[in-house]
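A structural walkthrough
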Amino acid sequence: MDSVSLHPLSDYIQLPVIDFSDQCLTPGTSKWDKVKTDVRKALEDYGCFEAFFDKVSVELDKSVFEAMEELFDLPTQTKERNVSSKPYHGYLSQDIYESFGIDDANLAEKVNEFTQQLWPDHGNKRISETMHGISEKLAELDVMVRRMIMESFGIEKYIDEHLDSTNYLFRMMKYTPPRPHEEKKLGLPSHTDKNIMTILHQYQVEGLEIQNKDKKWFKVKPSHQNSFIVMVGDSMCAFLNGRLASTYHRVLVTAKKTRYSTALFSTPKTGVILDSPEELIDEEHPRVFKPFEFNDYRDFYNTEAGFAAQSTLHAFCAL
Ligand SMILES: O=C(O)CCC(=O)C(=O)O
Ligand SMILES: [Fe+2]
């Protein structure tokens, strides 16, 4: 982990805010095309944007927050029962950072399996419904954004195949506040997400920071409670032949309050080979990456070389 003392306190950035709350936001409408243009521009400029999305109601948001408090309050031994066959998909704990993971969180039975890991007798219906509820809604947002991105690059004919080749991981994060004598603490070091797209949400306590094109760090402060930060991951970057870059981000905690956040990651399914459609490769845009399988990429990230690389994606598969 890089040393916190190297990080001066960052300024705030106002990311583009894009409104996804319109019930009539459907493909083919002029409203859709306008939002699509904004999404493409924001992702070219920042690799991320703030989505205003009121399909996640204030009540649901509150239930997710309360459920997280309850989950993280469980004894460590219980929390460690959240395991997954995939590395880094289960319960993790390192220094001030702790997190749970739910594979295929948009499917009710998979979320039930998660609560059954923690409460083997009868699961936890309330928490299952809450976590499934938010994952389902955020998956809708993810699908809209990916559809817009693909349309904007003229590769809409691959949308169904692309959507079929991915699944969702939902993670819940807790960051313990720095001790009284500490000004700040790095909760997550600088990284790009390895998956396709990520939708992040922080609960009241800030800490998420992103790097802009000039490599300067900025604190992200969403402008609404119903805001979600939508980010390009390395797999989307590779799929688009590098036409959108993934965003470097980190969590630097300065507040004296516990920070909770959630993330929905759209992720390539096991066995799927990530390759750019031929429409995105021409003389002006030569092929940037070799095709790859996502698990191989994640395994590479877990090696010393992969973790140390300035860009894991380039180190792994750049031509
Ligand atoms: O907690 C956050 O806001 C960010 C989490 C994150 O970047 C990640 O889990 O990859
Ligand atoms: Fe991340």
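Residues numbered from 1 in each chain as written. Chains lettered and ligands numbered in written order. Predicted model: local features only at pLDDT ≥ 70, side-chain atom pairs only at ≥ 80, totals over all residues.

1. Concerning the overall build of the chain
- In terms of regular secondary structure, the chain is built from 10 helices and 15 strands.
- Relative to a compact globule of 319 residues, whose C-alpha radius of gyration would be 20 Å, the chain shows 19 Å and is just as compact.
- Considering only C-alpha atoms, the chain reaches an extent of 55 × 45 × 35 Å along its principal axes.
- Across the 319 residues of the chain, 39% fall into the buried class. (Helix = DSSP H or I, 4+ residues; strand = E, 2+ residues; numbered from the N terminus. Rg over C-alpha atoms; globule rule 2.2 N^0.38 Å. Buried ≥ 20, exposed ≤ 12 C-beta atoms within 10 Å, placed from the backbone.)

2. Overview of the sheet that holds strand β10 (residues 217-220)
- Spatially, 5 strands are ordered β1-β10-β9-β12-β7 in an open sheet, and the strand pairing comes out mixed. Either end of the sheet is taken by a strand with one partner, and the two such strands are β1 (11-13) and β7 (185-191). If you compare each strand with its neighbour and ignore which way they point, the axes differ by 35 degrees on average.
- Taken together, the 4 bridges between β7 and strand β12 (residues 249-253) define a ladder with antiparallel strand orientation. Across the sheet, residue Leu 186 finds its bridge partner in β12, namely Leu 252. (Pairing = 2+ DSSP bridges. Axes fitted to C-alpha atoms, helices over the stretch in contact; angles between N-to-C directions.)

3. Focus on the nonpolar core
- Judged by nonpolar contacts, the single largest core of 73 residues is most densely connected at Cys 48, Phe 49 and Val 230.
- It is helix α5 (residues 125-152) that provides the largest number of residues to this core, a total of 9 residues. (Core = buried A, V, L, I, M, F, W, Y, C linked by C-beta atoms within 7 Å.)

4. With respect to α5
- Between its first and last C-alpha, α5 extends 40 Å over 28 residues, near the 40 Å set by a 1.5 Å rise per residue.
- Of the residues one or two after α5, Gly 154 is the one with positive phi, at around 70 degrees. (Expected span 1.5 Å × (residues − 1).)

5. Brief notes about the pairing of strand β8 (residues 197-203)
- When you tally the buried positions in β8, you get 7 out of 7 residues, the bulk of the element.
- Burial along β8 is two-sided: Met 197, Ile 199, His 201 and Tyr 203 and Thr 198, Leu 200 and Gln 202, pointing in opposite directions, are all buried.
- Pairing of β8 with strand β11 (residues 227-232) involves 4 bridges; the strand directions are antiparallel. In the sheet register, Met 197 faces β11, and the bridge partner there is Val 232.
- Across 7 bridges, β8 lies against strand β13 (residues 259-268) in antiparallel orientation. Note that in β13 the partner of Ile 199 across the bridge is Leu 264.

6. Details of the site of ligand 1
- Around ligand 1, the structure places Arg 171, Met 173, Leu 188, Asp 193, Leu 200, Gln 202, Leu 208, His 249, Val 251, Ser 261 and Ala 263.
- Mapped by element, the contributors of at least two residues to the shell around ligand 1 are β6 (166-175), β8, β12 and β13. (Near = placed C-beta within 6 Å.)

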